Amino acid sequence: MIEGKFIQTNQIQTHYWEMGSGEPLILLHGGGAGADGWGNWEKSLELYAEKGFRTIAIDTVGFGQSDKPSPEEFKYDHDARVDQLLSLISALELEKASVVGNSMGGLTSLGAAIKDPDKIDKIILMGTGKPKKESNGMKALINYKIDYDAMHTIVSHLTNPNFEVDSELVNYRLNLTKQQGALESYGAIMQGILSYEFEQEHLKNIKHKTLLVHGTLDNMVPLQRSYELLDTLPNAWLYVMPHCGHWAMMEYPEEFVRVTSDFLRNH
């Protein structure tokens with residue numbers, strides 16, 4: 001495992017992982033219990049670095065090793081995550097960066113492109129859009145309690161039926177939810193995710209070249225959400241992955257990095 005780093009982003013101490021050199025590429029994980037930059041992007045970090053990118057996977061506020069302020073004192077909403085991303089780009093003294101966002105991370109990527117378009121280069125969205133609240137997968141996320149079987153169920157719902165759920169991954173995510181303040185932060189984050197929606201006019205104004213990636217077996221965010229974004233974003237492409245759930249970067253890391261790297265390099 002590579003060594004993590006810390007950097008101050010506004011009032012948040014942000015933890016991140018970095019590999020490689022070249023064009024900056026920031027990876028943003030989703031909002032599931034136990035998510036963080038390493039657990040979600042371990043394979044992608046190395047593969048992107050080999051492709052010649054300076055690859056940075058961050059722990060979003062409330063997750064991983066980043067700060068977890070009390071929900072009574074901090075508003076865990078979409079704007080907080082957007083501000084963290086934009087502040088990170090400035091703190092790392094980057095003129096701009098391309099972003100890869102899974103689910104909640106995709107919403108953050110879009111929000112940053114709306115708020116400060118000059119700081120964002122290209123956008124890759126994976127499994128991004130309004131979640132299907134009544135699905136078994138979302139119910140597992142919403143009702144999560146600190147328990148091995150509960151975490152195993154979440155990982156199973158995030159992936160396709162043929163994905164081998166590794167006990168090491170389950171334990172890694174489980175331990176992250178045991179950190180002080182993690183569960184309280186997570187509850188506040190989930191409430192915000194379920195209630196947030198973009199204004200269509202804001203999305204239509206995003207001019208950045210955007211690649212949408214979606215698995216046909218996504219149990220969290222229906223494939224239809226990417227078709228809706230395809231119809232709304234003026235410069236969007238869509239890549240659909242069969243036999244794939246919500247975690248394309250973990251289920252099929254080589255294909256995911258190959259396709260997205262080609263888009264970043266050649267569009």
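Throughout what follows, the structure given in this document is the object of discussion. (Residues numbered from 1 in each chain as written. Predicted model: local features only at pLDDT ≥ 70, side-chain atom pairs only at ≥ 80, totals over all residues. Heavy atoms only, no water.)

This part is about the overall build of the protein chain. Across its full length, the protein chain carries 11 helices and 8 strands. C-alpha atoms of the protein chain, sized along the principal axes, occupy 45 × 40 × 40 Å. Expressed as a percentage of its 267 residues, the buried residues of the protein chain come to 55%. Of the roughly 11,600 Å² that the protein chain leaves accessible, carbon and sulfur atoms contribute 45%. (Helix = DSSP H or I, 4+ residues; strand = E, 2+ residues; numbered from the N terminus. Buried < 20%, exposed > 50% of the residue type's maximum accessible area, 1.4 Å probe, protein only. Areas by Shrake-Rupley, 256 points an atom, 1.4 Å probe, with all protein chains shown as cover.)

The next point concerns the sheet that holds strand β8 (residues 236–241). Across the sheet, 8 strands lie side by side as β1-β2-β4-β3-β5-β6-β7-β8; this open sheet has mixed pairing. Taken across any chain shown, the strands that pair with only one partner, and hence form the sheet edges, are β1 (5–9) and β8. With direction set aside, neighbouring strand axes in the sheet form an average angle of 25 degrees. Sheet analysis places strand β7 (residues 210–215) next to β8, joined by 6 bridges and oriented parallel. Bridging across to β8, G215 finds its partner in M241. Sheet contacts for helix α11 (residues 253–266): β3 (23–28), β4 (53–58), β5 (97–102), β6 (120–126), β7 and β8; angle to β6, the most-contacted strand, approximately 150 degrees. (Pairing = 2+ DSSP bridges. Axes fitted to C-alpha atoms, helices over the stretch in contact; angles between N-to-C directions. Contact = heavy atoms within 4.5 Å.)

Once that is clear, we can look at the pattern of salt bridges. On inspection of all chains with the given rule, the structure shows 8 salt bridges. Of the charged contacts in the structure, one is a salt bridge between E197 and K130, with a shortest N-O distance of 3.6 Å. Residue E197 is located in the loop between α7 (182–195) and α8 (200–204), and its partner K130 is located in the loop between β6 and α4 (136–142); the two are separated by 67 residues in the primary sequence. Note on E197: relative accessible area 54%, which makes it exposed. With its nearest N and O atoms 3.6 Å apart, the salt bridge here joins E201 to K204. Highlighted residues: E201 and K204, both in helix α8, separated by 3 residues, approximately one helical turn. Judged by relative accessible area, which is 40%, K204 ranks as partly exposed. Counted as one network, the salt bridges with shared partners bring together K5, E18 and R54. (Salt bridge = Lys/Arg side-chain N within 4 Å of Asp/Glu carboxyl O.)

Moving on: the packing of aromatic side chains. Here a ring pair, both rings aromatic, is described through the centre-centre distance and the interplanar angle of the planes. The final tally for this structure, using the stated rule, is 6 aromatic pairs. Look at Y144 and Y186: their rings are 6.4 Å apart centre to centre, the planes differ by 90 degrees, and that puts the pair in the edge-to-face class. Remark: Y186 occurs in helix α7 and Y144 occurs in the loop between α4 and α5 (148–158); sequence separation between them is 42 residues. Here the two residues Y144 and Y186 agree in accessibility, since each one is buried. (Phe/Tyr/Trp six-rings, centres within 6.5 Å; stacked < 30°, edge-to-face > 60°.)

Take the packing of α5 against helix α6 (residues 167–177) next. Relative to each other, α5 and α6 sit at 115 degrees, their axes nearing to 9 Å. The element α5 and its partner α6 pack so that their crossing is right-handed. Side by side, α5 and α6 meet where Y148, M151, H152, V155 and L158 of the first sit next to S167, L169, V170, N171, R173, L174 and T177 of the second. Per-class residue counts for the contact of α5 with α6 are 7 nonpolar, 4 polar and 1 charged. (Left-handed = near helix turned anticlockwise from the far one by under 90°. Nonpolar A, V, L, I, M, F, W, Y, C, P; charged D, E, K, R; others polar.)

On to the pairing of strand β2 (residues 12–19). Counted residue by residue, β2 has 6 buried out of 8 residues, so it is predominantly covered. In the sheet, β1 pairs with β2 via 5 bridges, with the strands oriented antiparallel. Across the sheet, the residue bridging to T9 is I12, located in β2. Taking the residues between adjacent antiparallel strands as the criterion, β1 and β2 are bridged by 2 residues, where N10 takes a positive phi near 55 degrees. The sheet contact formed by β2 and β4 spans 4 bridges and is antiparallel. Within β4, the position partnered with Y16 by the bridge is I58.

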